[in-house]
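Below are the chains, spelled out letter by letter.
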Amino acid sequence: MTRKSETKLTKYRILRSNASLTKSLPRTRPFSRASFYSFIRRYSKVVAKPVSGSGGAGVIMISRATSDCYKVHRGAARKMFRGANRTFRYVRRRLVSRYLLQQGISLARVGGRPFDVRVMVQRRSGSGWTVTGMLAKVAGQGYMITNVRRSGGYVLPLSTAIRRSNIRSANSAAIIARLRRVALLAASRLTSYYTAQRVFGFDMGIDESGKVWIIEANLRPDITLFLKLKNKRMYRTILSYRR
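Here is a short report on the structure shown in this document.

Some points on the overall build of the chain
A count of helical and extended segments in the chain gives seven helices and twelve strands. Overall, the C-alpha framework of the chain stretches about 55 × 45 × 30 Å when taken along its three principal axes. Considering the chain as a whole, with its 243 residues, one finds that 52% of them fall into the buried category. Considering only contacts within the chain whose residues lie at least 6 apart along the sequence, 60% involve residues at least 24 apart. Summed over all atoms, the accessible surface of the chain reaches about 12000 Å², with 48% contributed by carbon and sulfur.

Shown next as structure tokens:
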């Protein structure tokens, strides 16, 4: 039996085929010289990441500092480069596998650190999709990736993160409702390809204006993140759907 592709590009293309999700998806392309120059001209932030893999490994962020100067952020390290050519050569030398480029999102911050949201969506046999858990993952000091283990970050209840964030006119209930709606729509769309799937763990972003984004869809999400919350109710709910 041939295993279905689980690459980030495959999942992005499936999601993008639904017109209702297009505006919630950061533009994504395979890494190439042409796509690199196109993206850094068009966006103030660009993320390069492995096509496969998880946990924030190998992620590189390129930010425009001035019209011809770029900051490259890897892990907790930062380097400045003058000119797109020098920036491209530096980034390309550090790619050890197939990579993609993704439009960078100006993620909302808590205490100056970016955070994103893990949204668990599950279903039981014969039933529809349900959001069973949500939490905020806050990046470690000096990191732009929110993977808790890799960056030394931490988790927060989502409503707490929104309340403490720099989101303009933050309305926790409205933002959480948008996250829920988009995640359920995404799960339904992905089911057309991953027909046997019973769980998706979406990494979703909230930008400073309160708009929600789908950053990645995980087929085997780590549920132990929810054990880090003081209240274990969501963890128990997630477990109940796995039985």
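Looking at the side chain of Gln122
Looking at the secondary structure, you find Gln122 in strand β8 (residues 113–122). Polar contacts involving the side chain of Gln122 include one to the main-chain carbonyl oxygen of Ile238, which spans 3.2 Å. Residues within four places of Gln122 in sequence aside, it is in contact with Gly128, Trp129, Thr130, Thr132, Arg198, Val199, Ile238, Tyr241 and Arg242.

Things to note about a positive patch on the surface
Judged by side-chain charge, Arg33, Arg86, Arg89, Arg92 and Arg93 come together as a positively charged surface patch. For the positive patch, the element with the highest residue contribution is helix α3 (residues 84–93), accounting for four residues. With respect to the element layout, Arg93 can be found in helix α3. Here Arg93 falls in the exposed class, since its relative accessible area comes to 57%.

Notes on the environment of Glu208
By secondary structure assignment, the location of Glu208 is in the loop between β11 (199–206) and β12 (212–218). The class for Glu208 is partly exposed, based on a relative accessible area of 27%. Apart from the residues lying within four places of it in its own chain, the contact partners of Glu208 are Ser106, Leu107, Ala108, Asn166, Ile167 and Arg168.

Focus: the environment of Arg180
Position of Arg180 among the secondary structure elements: in helix α6 (residues 172–190). On the basis of relative accessible area, Arg180 is assigned to the partly exposed category, the value being 36%. When neighbours within four sequence positions are excluded, Arg180 is seen to be in contact with Val131 and Met134.

Topic: the pattern of salt bridges
One pass over the structure, following the stated rule, counts five salt bridges. Across the salt bridge formed by Lys49 and Glu216, the nearest N and O atoms sit 3.1 Å from each other. With Lys49 in strand β2 (residues 45–50) and Glu216 in strand β12, this pair connects stretches of sequence that are 167 residues apart. Look at Lys49 and you get buried, because its relative accessible area is 5%. Classification of Glu216 by relative accessible area gives buried; the value is 17%. Linking Asp203 and Arg118 is a salt bridge whose minimum nitrogen-to-oxygen distance equals 2.9 Å. With a gap of 85 residues between them, Asp203 in strand β11 and Arg118 in strand β8 connect regions that are remote in the sequence. A residue is classified by how much of its surface remains accessible, and Asp203, at 8% relative accessible area, is buried.

Some remarks on helix α2 (residues 33–42)
Three or more residues of α2 are buried, namely Ser35, Phe36, Tyr37, Phe39 and Ile40. At its buried positions, α2 is contacted by β1 (28–30), β2, β3 (60–66), β4 (69–74), α3 and β6 (99–103).

Concerning the pairing of β12
The buried count for β12 comes to seven of seven residues, which makes it a mostly enclosed element. Bridge count for β11 against β12 is six bridges, and the pairing is antiparallel. Opposite Met204, over in β12, you have Ile214 as the bridge partner. Between the end of β11 and the start of β12, which pair antiparallel, lie five residues, with Gly210 showing a positive phi angle near 95°.

Some thoughts on the sheet that holds β2
For sheets, the rule is that strands pair by backbone hydrogen bonds, running either parallel or antiparallel. Taken in spatial order, the six strands make up an open sheet running β1-β6-β2-β3-β4-β5, and their pairing is antiparallel. If you trace the sheet from one side to the other, it starts and ends with β1 and β5 (77–82), each paired once. Ignoring strand direction, the axes of neighbouring strands in this sheet form an average angle of 25°. One ladder, built from six bridges, connects β4 with β5; its direction is antiparallel. Across the sheet, the residue bridging to Lys71 is Met80, located in β5. Packed on one face of the sheet, α3 meets β3, β4 and β5 and runs near 15° to β4.

Criteria and thresholds
Residues numbered from 1 in each chain as written. Predicted model: local features only at pLDDT ≥ 70, side-chain atom pairs only at ≥ 80, totals over all residues. Heavy atoms only, no water. Helix = DSSP H or I, 4+ residues; strand = E, 2+ residues; numbered from the N terminus. Buried < 20%, exposed > 50% of the residue type's maximum accessible area, 1.4 Å probe, protein only. Contact = heavy atoms within 4.5 Å. Areas by Shrake-Rupley, 256 points an atom, 1.4 Å probe, with all protein chains shown as cover. Polar contact = N/O pair within 3.5 Å; in protein donor to acceptor, adjacent residues only side chain to side chain. Patch = residues over 30% accessible without salt bridge, like charges linked within 9 Å, V, L, I, M, F, W, Y side chains within 5 Å. Salt bridge = Lys/Arg side-chain N within 4 Å of Asp/Glu carboxyl O. Lys, Arg positive; Asp, Glu negative; His and termini not counted. Charge placed at Lys NZ, Arg CZ, Asp CG, Glu CD. Pairing = 2+ DSSP bridges. Axes fitted to C-alpha atoms, helices over the stretch in contact; angles between N-to-C directions.

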